[in-house]
Amino acid sequence: MSFSRFATRGLRSVSRRVPKSLTQQSASYSLLAARTAAVAVKLPQRAATQSVRGMKTLDFAGTEEVVYERTDWPLSKLHEYFKNDTLALIGYGSQGHGQGLNARDNGLNVIIGVREGGESWKQAQEDGWVPGETLFPIEEAINRGTIIMNLLSDAAQSSTWPQLKPLITKGKTLYFSHGFSVVYKDDTHVVPPEDVDVILVAPKGSGRTVRTLFKEGRGINSSIAVWQDVTGKAKEKAIALGVAIGSGYMYETTFQKEVYSDLYGERGVLMGAIQGLFLAQYKVLRANGHTPSEAFNETVEEATQSLYPLIGQKGMDYMYNACSTTARRGALDWAPVFEKANTPIFEQLYQSVRDGTETRKSLEFNGRKTYREDLAKELAEIDNQEIWRAGKTVRSLRPDSQN
Ligand SMILES: NC(=O)c1ccc[n+]([C@@H]2O[C@H](COP(=O)([O-])OP(=O)(O)OC[C@H]3O[C@@H](n4cnc5c(N)ncnc54)[C@H](OP(=O)(O)O)[C@@H]3O)[C@@H](O)[C@H]2O)c1
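Fair warning: this is a prediction, and the values are worked out from it, not measured in the lab. (Residues numbered from 1 in each chain as written. Predicted model: local features only at pLDDT ≥ 70, side-chain atom pairs only at ≥ 80, totals over all residues. Heavy atoms only, no water.)

1. Let's talk about the confidence of the model for the protein chain
How we decide: Per-residue confidence from the predictor is reported as pLDDT, which spans 0 to 100. Throughout, a residue-residue contact means that at least one pair of heavy atoms, one from each residue, lies within 4.5 Å.
Of the residues in the protein chain, 86% have a pLDDT of 70 or more, and the chain-wide mean is 88. Here residues 1–51 is modelled with pLDDT under 50, and outside its nearest four sequence neighbours on either side it reaches 87 contacts, counting other chains as well.

Okay, structure coming up:
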């Protein structure tokens, strides 16, 4: 069962514009406001160098940055702000699903535009979007929308642009969740019309997390940015849309910084480097006669189940402190060795992002007609690696699997 089906099973009864669950949503929204207020109160005095309602200048390790928070946007203000707008979400992948359902549950007028009869069309219907009412072919949704939220795959944003651009007329707003298309315009050929605001809200997590955090009454962190400000209101609109789609805190950036850091991070420690490091460590253990279970436990299981959550909660020193003196000593000695060995690779990666190499590869691969099948094949190869096959058995032995 796909996640979308699973996650939204309970939401089908939600009505289109102002859902029954709005009261409940308002409650969780207030819960979030209360929580964020509590966070604000708990911030160390030196951290909040300046604070006005809904916006804070915070000291991040000695650098001041502005952060916007949703407490400045109660639902009534959000409804008033978007009362004349139709949010047309184009594309219904993971972000379309998360952002669309959140904005709908927030009581905004949302429609979806996807290829008729495609996988996304089916998914959207399962989530309660109704053909002819809230679900349309892409061109029709753009014609009906005032805020065009381009959530097609980055490759599709490029290939469909010649057809979509003429429909994005003066007065509309063009929204992205990634700086990819406009920053790498030499490769994507996405050059927005000059007479529309162009803004970005990029949730710092998958669309699944955008949705689950919202349902828990919390908000995901997002980046916001402005590419083109025709009305003088572009930034305000980006913040309001950030709130509408379920953001808790919004960090200001530029389209370029967003896309560089995002492509770099996911190829690095977030995804690419972590798979590479896990595999390298596992293979050396196996080559030295350790069993698959031992190699997996010492590489992945302890990391994900015990140590990484501690880093997430309170930082690296906290995790080190929670470990034995023997472990600590060795880790302190070897961390700089890994840093030195890996820094040139990270520099090479950043350069590959900056010069567009990564973009071109992504456009080529994801622009293929067979992109879904090709991806599935490569992911199946990973799934079939011994490390991950061993992991299945290890996971089945977790205490919670046996209950
Ligand atoms: N996923 C994340 O974690 C994440 C996080 C932050 C930002 N973003 C950004 O959010 C945007 C959307 O990403 P996503 O992951 O939600 O979506 P995605 O999986 O990359 O894209 C899926 C959507 O693109 C459509 N599509 C693909 N090829 C198409 C074509 N040739 N013509 C028309 N539609 C086409 C699919 O429709 P069909 O089903 O009809 O093929 C589907 O609706 C991207 O800019 C991405 O970089 C993603």
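2. Looking at helix α4 (residues 94–105)
Note the following rule: Numbering goes from the N terminus for both helices and strands, where a helix is a DSSP run of H or I of at least four residues and a strand is a run of E of at least two. By this rule the span expected of a helix is its residue count minus one, scaled by 1.5 Å. Think of it in three bands: residues with accessible area under 20% of the maximum for their type are buried, residues over 50% are exposed, and the middle band is partly exposed, with areas taken using a 1.4 Å probe on protein chains only.
Between its first and last C-alpha atoms α4 spans 17 Å; for twelve residues at 1.5 Å apiece the expected length is 16 Å, and the two agree. For α4, the set of buried residues is Gln95, Gly96, His97, Gly98, Gln99, Gly100, Leu101, Asn102, Ala103, Arg104 and Asp105. Glycine 107 lies just past α4 and shows a positive phi near 90 degrees.

3. Observations regarding the UniProt feature "binding site: substrate" (unreviewed entry) in the protein chain
We count it as follows: UniProt positions are given in the numbering used here, feature names are shortened, and annotations may be inferred rather than shown by experiment.
Taking the numbering used here, the UniProt-annotated feature "binding site: substrate" (unreviewed entry) corresponds to Ser324. Along the polypeptide, serine 324 turns up in the loop between α15 (316–321) and α16 (325–354).

4. As for the UniProt feature "binding site: Mg(2+) 2" (unreviewed entry) in the protein chain
As annotated in UniProt, the feature "binding site: Mg(2+) 2" (unreviewed entry) corresponds to Asp262, Glu298 and Glu302 in the numbering used here. Mapping aspartate 262 onto the fold places it in helix α12 (residues 255–267). Discounting residues that sit within four places of it in the chain, aspartate 262 has contacts with His178 and Lys204. For glutamate 302, a relative accessible area of 38% gives the class partly exposed. Leave out the neighbours within four places in its chain, and glutamate 302 touches Asn297 and Leu307.

5. Re the pattern of salt bridges
Where side chains of opposite charge bring their charged atoms close, a pairing between them can arise. Defined as follows: The term salt bridge refers to a side-chain nitrogen of Lys or Arg lying within 4 Å of a carboxyl oxygen of Asp or Glu.
Taken as a whole, this structure holds 20 salt bridges when the rule is applied. Here lysine 204 ties to glutamate 258 by a salt bridge, and the two come within 3.6 Å at their closest N and O atoms. You can see lysine 204 sitting in the loop between β9 (197–203) and α10 (207–215) and its partner glutamate 258 sitting in helix α12, a full 54 residues away along the chain. Given a relative accessible area of 39%, lysine 204 falls into the partly exposed group. The class for glutamate 258 is buried, based on a relative accessible area of 2%. Residue aspartate 333 pairs with arginine 329 through a salt bridge whose shortest N-O separation is 2.5 Å. Of the two residues, aspartate 333 and arginine 329 both sit in helix α16, four residues apart, roughly one turn of that helix. The exposure class of aspartate 333 is partly exposed, given its relative accessible area of 40%. Arginine 329 sits in the partly exposed class, given a relative accessible area of 48%.

6. Focus on the pairing of strand β5 (residues 110–113)
What counts, and what does not: In this scheme, strands are said to pair when DSSP sees at least two bridges between them. Look down the strands so they point away from you; if the path from the first strand over the helix to the second goes clockwise, the crossover is right-handed.
Here β5 shows a buried face lined by Val110 and Ile112 and a second buried face lined by Ile111 and Gly113. Inspection of the sheet shows strand β4 (residues 87–90) paired to β5 by four bridges, in the parallel sense. If you follow alanine 88 over to β5, its bridge partner there is isoleucine 111. Note that the unit made of β4, α4 and β5 has a crossover that is right-handed. In the sheet, β5 pairs with strand β6 (residues 135–136) via two bridges, with the strands oriented parallel. Counterpart to glycine 113 in the pairing with β6 is phenylalanine 136.

7. Re the side chain of serine 181
For the record, the criterion: Distance and chemistry together define a polar contact, namely a pair of N or O atoms within 3.5 Å, with one atom able to donate a hydrogen and the other to accept it when in protein, and with adjacent residues in sequence counting only for side-chain atoms on both sides.
Along the chain, the position of serine 181 falls in helix α8 (residues 180–183). A polar side-chain atom of serine 181 sits 2.6 Å from a polar atom in the side chain of glutamine 157. Apart from residues no more than four positions distant in its own chain, serine 181 is found in contact with Asp154, Gln157, Phe176, Thr188 and Val190.

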